[in-house]
Amino acid sequence: MEDVHAYYGESHVLEGVSLRVDRGETVALIGRNGVGKTTTLRAALQLTPPREGVVRLRGEDVTGEPTHELAHRGVGWIPEDRRMFEELTVAENIGVAVKDASRVDEKLESALETFPELREHENRKAGDLSGGQQQMVAIARGLVGENDLLLVDEPSEGLAPQIVQTVAEALERVSDEASLLLVEQNFPLAMDLADRFYLVDNGRVVESGSTEGVTADDERIRRYLA
Ligand SMILES: Nc1ncnc2c1ncn2[C@@H]1O[C@H](COP(=O)(O)OP(=O)(O)OP(=O)(O)O)[C@@H](O)[C@H]1O
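Residues numbered from 1 in each chain as written. Predicted model: local features only at pLDDT ≥ 70, side-chain atom pairs only at ≥ 80, totals over all residues.

Looking at an unreviewed UniProt entry, one finds the protein chain named ABC transporter ATP-binding protein, with Halorubellus litoreus as its source organism. Under Sequence similarities (unreviewed entry), UniProt gives the following word-for-word description of the protein chain: "Belongs to the ABC transporter superfamily." (UniProt positions renumbered as here; feature names shortened; annotations may be inferred.)

Enquirer: What am I meant to see in the nonpolar core here?
Expert: Generally speaking, nonpolar side chains in soluble globular proteins are found buried as a group. Counting residues in each nonpolar core, the largest one holds 63 residues, and the members touching the most others are Ala140 and Leu182. Of the residues forming this core, the biggest block, seven residues, is contributed by helix H5 (residues 131-144). Discounting chain neighbours no more than four positions away, the residues touching Leu182 are Thr26, Val27, Ala28, Leu29, Val152, Ala190, Leu193 and Ala194. (Core = buried A, V, L, I, M, F, W, Y, C linked by C-beta atoms within 7 Å. Buried ≥ 20, exposed ≤ 12 C-beta atoms within 10 Å, placed from the backbone. Helix = DSSP H or I, 4+ residues; strand = E, 2+ residues; numbered from the N terminus. Contact = placed C-beta atoms within 7 Å.)

Enquirer: Would you take a moment to explain the site of the ligand for this structure?
Expert: Taken together, the residues surrounding the ligand are Tyr8, Ser11, Val13, Gly31, Asn33, Gly34, Val35, Gly36, Lys37, Thr38 and Thr39. Of all the secondary structure elements, the ones that give two or more residues to the shell around the ligand are strand E2 (11-17) and helix H1 (37-44). It is H1 that provides the largest number of residues to the shell around the ligand, a total of three residues. Looking at side-chain class alone, the shell around the ligand contains three nonpolar, seven polar and one charged residues. (Near = placed C-beta within 6 Å. Nonpolar A, V, L, I, M, F, W, Y, C, P; charged D, E, K, R; others polar.)

Enquirer: Can you walk me through the UniProt feature "domain: ABC transporter" (unreviewed entry) in the protein chain in this structure?
Expert: In the numbering used here, UniProt assigns the feature "domain: ABC transporter" (unreviewed entry) to residues 1-225. Helix makes up 32% of residues 1-225 and strand makes up 24%, while its end C-alpha atoms are separated by 24 Å.

Enquirer: Honestly, the pairing of strand E1 (residues 2-8) in this entry has me stumped. Any pointers?
Expert: Looking down a regular strand, the side chains alternate between one sheet face and the other. Pairing analysis gives two bridges linking E1 to strand E4 (residues 52-54), with the strands arranged antiparallel. Bridging from a neighbouring strand, Glu2 pairs with Val54 of E4. Between E1 and E2, which pair antiparallel one after the other, the connecting turn spans two residues, and Gly9 there sits at a positive phi close to 60 degrees. (Pairing = 2+ DSSP bridges.)

Enquirer: Teacher, can you tell me more about the sheet that holds strand E3 (residues 26-30) here?
Expert: Pairing between the strands of a sheet comes from backbone hydrogen bonds, and it takes one of two forms, parallel or antiparallel. Strand order in this open sheet of six strands is E7-E8-E9-E3-E10-E11, and the pairing throughout is mixed. The strands lining the two open edges of the sheet, one partner per strand, are strand E7 (75-78) and strand E11 (204-210). Sheet twist, expressed as the average angle between the axes of neighbouring strands with direction ignored, equals 15 degrees. Examined bridge by bridge, E7 and strand E8 (residues 149-153) share four bridges and lie parallel to one another. Paired with Gly76 across the two strands is Leu150, which belongs to E8. (Axes fitted to C-alpha atoms, helices over the stretch in contact; angles between N-to-C directions.)

Enquirer: So what exactly am I meant to see when it comes to the environment of Val164 here?
Expert: Relative to the assigned elements, Val164 resides in helix H6 (residues 161-174). With 106 residues separating them along the chain, Val164 and Arg58 place their C-alpha atoms 31 Å apart. Apart from the residues lying within four places of it in its own chain, the contact partners of Val164 are Ser156, Leu159, Asn186 and Leu189.

Enquirer: Please clarify how the sheet that holds E4 should be interpreted in this entry.
Expert: Pairing in this open sheet of three strands is antiparallel, and the strands run E2-E1-E4 from one edge to the other. Each edge of the open sheet is held by one strand with a lone partner, namely E2 and E4. Averaged over all adjacent pairs, the angle separating strand axes in this sheet is 25 degrees, with direction ignored. With respect to the sheet, H1 is in contact with E1 and E2, its orientation differing from that of E2 by roughly 75 degrees.

Rendered as structure tokens:
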């Protein structure tokens, strides 16, 4: 995306965000609460359509396209609230995300191979799972949707530390199959998973670069996160 401006009503939330995710990359969006990270994902997906600026997918201008068209072209969204169908089973939740109905069984099987932790819960209602298990179902849904690019919002939020590790490993596996744009408040986790980062403050990208060797003590980072 290039110089994207987005608003909620009159409130100017993104003030010219530019970023890119290359094929195969994992990119982290970091920054304090309320600086515009979720809105950046929403603008990319055209859920909060940019009032200025351009969003491109594989080089093609998709600004103003309907969100379902982007989904059709392989952009998946794993929102912060995970959006489970609580009354459906794990298998059903994963199955409804498969685009080609004739491949549901095959896709479900491959998801359960990727997330073996889910196999024993396959027939449980998603609403009865723990937060970490639900997050894994949400990630599996993104994966079976045959997405080339997944936008993942706060995957570790509200999870116990040992579960965060399991979800991180799941994301690591997903990153072998899709590019990821990841909003993540857990700084070490974000640096660990991502190849590059963008640090957002007040609706703008204020720092960016490779995650290699970057720590929370880094002066460039600390003054925006402290
Ligand atoms: N639907 C909405 N209507 C009006 N204002 C909103 C709406 N959603 C978010 N905002 C405001 O827009 C700003 C950016 O929010 P956004 O959710 O993008 O931030 P964020 O960096 O993702 O933070 P968080 O980690 O808290 O979600 C905040 O000031 C927030 O209060």
